Amino acid sequence: MSMPFTTEQRPDTGLYNAKLGMWFFLAAEAMFFGALFSSYAFLRTAAEAWPAGSEILPVGVALLTSVSMILAAVFSAKGWSDLRREDRGRHAAWMWGAIIAGIVAVVCIAIGHSLEAREGMHAATNTFYACWYLITGVQQAHVVAAIAYTLFLGLPGTTLRKTDPQRYRNRVECLGLFWQFLALMWIATFACFYVF
Amino acid sequence: MSLKAFHILIIFVSIVACCAYGMWGVITFMREGSVLSLLSGSALLAGGLALLMHGVIFYKHAEEDPWL
């Protein structure tokens, strides 16, 4: 007996199992990031003085991270749409592009942390830096997870592409949803720490 | 929500962010004369335009594929 809706969409929800699971996961992630951002907002409004992030943090590195995150989201979506058109060469190129963009984002976040640490600003310095190190560090860990999953689909996952192409396409779509979510979270992080 | 819809939402948010930060850079240049602000602001505005073009092309391709 095969499990229903592993590849085809369920008529009433319009979702297959993996996409439903991914949306549940993203809902949990949204609550997790929501808790971090609301804690940040609570701490910030309660503080007597709060530094301007654009004046003390490395904005250039953060801008490069933003560009990389948006590019990773764009590349993963392009990879999926090319896979839908059975253009496997372009699909692979876009997915490798997403991996490279993700690696650039991870490196940029690490450079930002190391620049601040070199100036003697650590998570224990004040509440602002504690929030900044925590939220950007969590972002970095998520991007590493997205890179790992993209690599998994690109290397051992290619077997699935041959044996069950529709299931593979669905997995690439779910991965794309995760990359979009991460880009959205980074835009929110950038706005919180570097703009407002 | 499909990847198409979520991607278009991300593109929209990114365009708004690029335009806002780009304008911020240009205004900073006009106020303080910082060339770096002008360069980064212009790059962000150009990035916003590129994202708009990508969004339109992606939407047109997606319209041709009923699954997307």
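Up top is the structure these notes are about.
These notes cover the structure that comes with them. Computed from a predicted structure; not experimentally measured.

This brings us to the interface of chain A and chain B. Between chain A and chain B, the residue contacts involve 31 residues of the former and 22 residues of the latter. When chain A packs against chain B, the two sides together hide about 2,300 Å² of surface, and 77% of this comes from carbon and sulfur. Of all residues in chain A, A:Trp80, A:Arg84 and A:Gln180 bury the most surface against chain B, accounting for 21% of the area lost on that side. Summed over the shared surface of chain A and chain B, the number is zero salt bridges.

Turning to unusual backbone geometry, a few remarks are in order. Residue and element names in this part refer to chain A. If you check the backbone angles, Phe5 has positive phi at about 65° while not being a glycine. Mapped onto the fold, Phe5 is located in the segment before α1 (17-46). Positive phi, close to 65°, is recorded for Glu86, a residue that is not glycine. Relative to the helices and strands, Glu86 resides in the loop between α3 (59-84) and α4 (88-118).

One broad trend across soluble globular proteins is that nonpolar side chains are buried collectively. Formed by 66 residues in total, the largest nonpolar core has its most connected members in A:Trp179, A:Leu182, A:Phe190, A:Phe193 and A:Tyr194. Of all the secondary-structure elements, those providing two or more residues to this core are α1, α3, α4, α5 (127-154) and α7 (165-195) of chain A together with α1 (3-32) and α2 (35-64) of chain B. Looking at this core, the element that brings in the most residues is α7(A), giving 17 residues. Beyond its immediate stretch of four places on either side in the chain, A:Phe193 contacts A:Tyr40, A:Gly53, A:Ser54, A:Leu57, A:Phe128, A:Cys131, A:Trp132 and A:Ile135.

The rules behind the values
Residues numbered from 1 in each chain as written. Chains lettered and ligands numbered in written order. Predicted model: local features only at pLDDT ≥ 70, side-chain atom pairs only at ≥ 80, totals over all residues. Heavy atoms only, no water. Contact = heavy atoms within 4.5 Å. Buried area = accessible area lost by both parts, 1.4 Å probe. Salt bridge = Lys/Arg side-chain N within 4 Å of Asp/Glu carboxyl O. Helix = DSSP H or I, 4+ residues; strand = E, 2+ residues; numbered from the N terminus. Core = buried A, V, L, I, M, F, W, Y, C linked by side-chain atoms within 4.5 Å. Buried < 20%, exposed > 50% of the residue type's maximum accessible area, 1.4 Å probe, protein only.

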